[in-house]
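Structure at a glance
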Amino acid sequence: MKISRFPLKLATLATVTLGSFIPLHLPVKASTFSETALDQSQVIAIARPYGDGKYDLLVIEQIPDKRDCWAENGSNPVLVDPLLLNYDFTGICRRATDSNGYSIRLDGNDLGLDYLLRLVPRGGELVLVGTPRTPGYSEIILGSTKGMAQGFMKVHLNPGWQFTKRTYQDKVLGHFYFSGSQAAIAAGGELPDTPPTTTPSVTETPPQPRFSDIGDNIYQAQIAEAVKMGLVSGFDDNTFRPDQPVTREQLISMAVDAIGTVYKVDLEATPERDVIPFKDVDSSRWSAKKIKWAQWNFLNIGNPNNTLQPSEPISRAELMDTMRRMAIHLKNQLNLPRELQQTQDPVMFSDTSNSWAKSVITQMSGYCGVATAINEQGTQFAPEEKATRDYTAAAMVRVLECVQAEAQQAKQSQEVETLKEDQ
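Presented here is a report on the structure given in the accompanying data block. From a predicted model like this one, the values you see are computed outputs, not experimental measurements. (Residues numbered from 1 in each chain as written. Predicted model: local features only at pLDDT ≥ 70, side-chain atom pairs only at ≥ 80, totals over all residues. Heavy atoms only, no water.)

Next up on the list: the overall build of the protein chain. Helix and strand counts for the protein chain stand at eight helices and 16 strands. Pairs at least 24 apart in sequence give 66% of the contacts found in the protein chain among residues at least 6 apart. (Helix = DSSP H or I, 4+ residues; strand = E, 2+ residues; numbered from the N terminus. Contact = heavy atoms within 4.5 Å.)

Put into structure tokens, the structure is as follows:
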């Protein structure tokens, strides 16, 4: 993994200026997302009281030309009246209440998996702190309330930090970034008065090459999406080889990488239960760590004699079983119901009645259309045929999109319930 090292002088200057430690090294991550700048006067970070002397972070964005979402009063600290609690804020205010709704972005690096945002009492005020989840990283201080009082308080961002919104393929998403720039932090916060509408990440994944062999492939768009996510890649001759079979270890590797787009996968973690390694997967094998992690978390591929046969092709039926288990695992991690909600009428395929995976295939056909007829035509699923690279990529993308849609729906429902409780 390549490492980007901040210049020592710049890091030291940032430390002196902010009274915080900017990490001296961060992994350069190819980011799926970019960011778009916001009118800073239309966004506010608030320390929201709950319990006995505890505070959590609330971010509110005012939708232009709508009634006010909040009112400010006083100084050191600025007290905030969150007016949105007094009416139905739908279409008037946008808000984020947890790490699903906001994260840190520094010099184009998404740090949501590496840092947790917290409000910590220090020196007579609440300090907005980025607490590292990753060993070896240092704390980041982003702002403070500049005083202490009862009730809701405004969090002032330190120089060099601003609010932005996450974007994906030029589409603005609901996720807020606390976005920092090394240069701006070092310069005391000299940011442009009118930032550009869209600020692409400096580590953004470069445009993927146009594979010479998928121009008329029915899964072309989903292949491109899977490549962008880092789940699959092409070959040196600029081909994707969509009809090439996927092996067992390749499928496991892709599934683990797909899970890693939702939350951080720690391949070095100690299993919480006994995991007996496959006899034919040596610890030095390129896929060994991912296979072990998958065994621990969701995998159900193997043979009675405890072998995996990692180089053997996976069948379409086995692919669907793995996709189902991957979806359930992700739903568990996101505190969603285990049941795979049927989003469309399941398909009664003409050739699955005698398949061991009949119920799984039927269920996955109703779950965002993950299971579909071979080549997307006719009524045959071909459960025992080899799963190809194009269909496997499409199935992965469909599962991720379906789980993420459920998570977003659950989040919106929770926000409505929270609002009712606050009222």
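Our focus in this paragraph is the environment of Pro383. Position of Pro383 relative to the elements: it lies in the loop between α7 (358-366) and α8 (389-422). Other than its neighbours up to four places away in sequence, Pro383 contacts Ser315, Arg316, Ala317, Asp351, Thr352, Ser355 and Ile361.

Judged by pairing direction, the sheet is mixed, and its five strands sit side by side in the order β3-β15-β16-β9-β10 without closing on themselves. The open sheet has two free edges, formed respectively by β3 (34-37) and β10 (109-110), since each of these has just one partner strand. As paired strands, strand β9 (residues 102-106) and β10 are joined by two bridges and run antiparallel to one another. Residue pairing across strands places Leu106 opposite Asn109, the latter belonging to β10. (Pairing = 2+ DSSP bridges.)

Okay, the pattern of salt bridges next. Per the counting criterion, the structure on display carries 16 salt bridges. Of the charged contacts, one joins Arg248 and Glu318 as a salt bridge, the two residues approaching to 3.0 Å between their closest N and O atoms. Here the residue Arg248 occupies a position in helix α4 (residues 248-259), and Glu318 occupies one in helix α6 (residues 316-333), the gap between them amounting to 70 residues. Note on accessibility: Arg248 and Glu318 belong to one class, buried. (Salt bridge = Lys/Arg side-chain N within 4 Å of Asp/Glu carboxyl O. Buried < 20%, exposed > 50% of the residue type's maximum accessible area, 1.4 Å probe, protein only.)

Another point: the packing of α6 against α7. Contact geometry of α6 with α7 gives a least axis separation of 9 Å together with a crossing angle of 60°. With respect to α7, the axis of α6 lies oblique. The hand of the α6/α7 crossing is left-handed. Residues Ala317, Met320, Asp321, Met323 and Arg324 of α6 form the contact with α7, whose participating residues are Val360, Ile361, Gln363 and Met364. Per-class residue counts for the contact of α6 with α7 are six nonpolar, one polar and two charged. (Axes fitted to C-alpha atoms, helices over the stretch in contact; angles between N-to-C directions. Parallel < 35°, antiparallel > 145°, perpendicular 65-115°, else oblique. Left-handed = near helix turned anticlockwise from the far one by under 90°. Nonpolar A, V, L, I, M, F, W, Y, C, P; charged D, E, K, R; others polar.)

A few words on α7. When we look at burial in α7, the residues that qualify are Val360, Ile361, Thr362, Met364, Ser365 and Gly366. Cys368 occupies a position one or two residues after α7 and carries a positive phi of about 55°.

Time to look at the nonpolar core. Ranked by internal contacts, the top residues of the largest apolar core, which has 62 residues, are Met320, Met323, Met326, Met364 and Met396. Secondary-structure elements contributing two or more residues to this core are α3 (220-229), α4, α5 (288-297), α6, α7 and α8. Per-element accounting of this core gives the leading share, ten residues, to α8. Ignoring anything within four residues of it in the chain, the contact list for Met320 reads Val360, Ile361, Met364, Val370, Ala371, Phe381, Tyr391 and Ala395. Core analysis: the next-biggest nonpolar cluster, separate from the first, contains 27 residues, Val43, Leu106, Leu142 and Phe178 among them. (Core = buried A, V, L, I, M, F, W, Y, C linked by side-chain atoms within 4.5 Å.)

All chains considered together, the criterion is met by two disulfides. Here Cys69 engages in a disulfide with Cys93; their sulfurs sit 1.9 Å apart. One quick way to see it: the torsion about the S-S bond of Cys69 and Cys93 is about -105°, and its sign makes the bridge left-handed. Separated by 24 residues along the polypeptide, Cys69 in the loop between β5 (54-62) and β6 (71-73) and Cys93 in strand β8 (residues 93-96) bring together distant segments of the chain. The residues Cys69 and Cys93 share a single accessibility class, namely buried. Between the sulfur atoms of Cys368 and its disulfide mate Cys402 the distance is 1.8 Å. Disulfide Cys368-Cys402: torsion about the S-S bond near 70°, hence right-handed. Of the two residues, Cys368 sits in the loop between α7 and α8 while Cys402 sits in helix α8, which places them 34 residues apart along the sequence. Judged by its relative accessible area of 3%, Cys402 falls in the buried class. Counting only the cysteines that take part in disulfides, in the order they occur along the protein chain, gives the pairing 1-2, 3-4. (Disulfide = S-S within 2.5 Å.)

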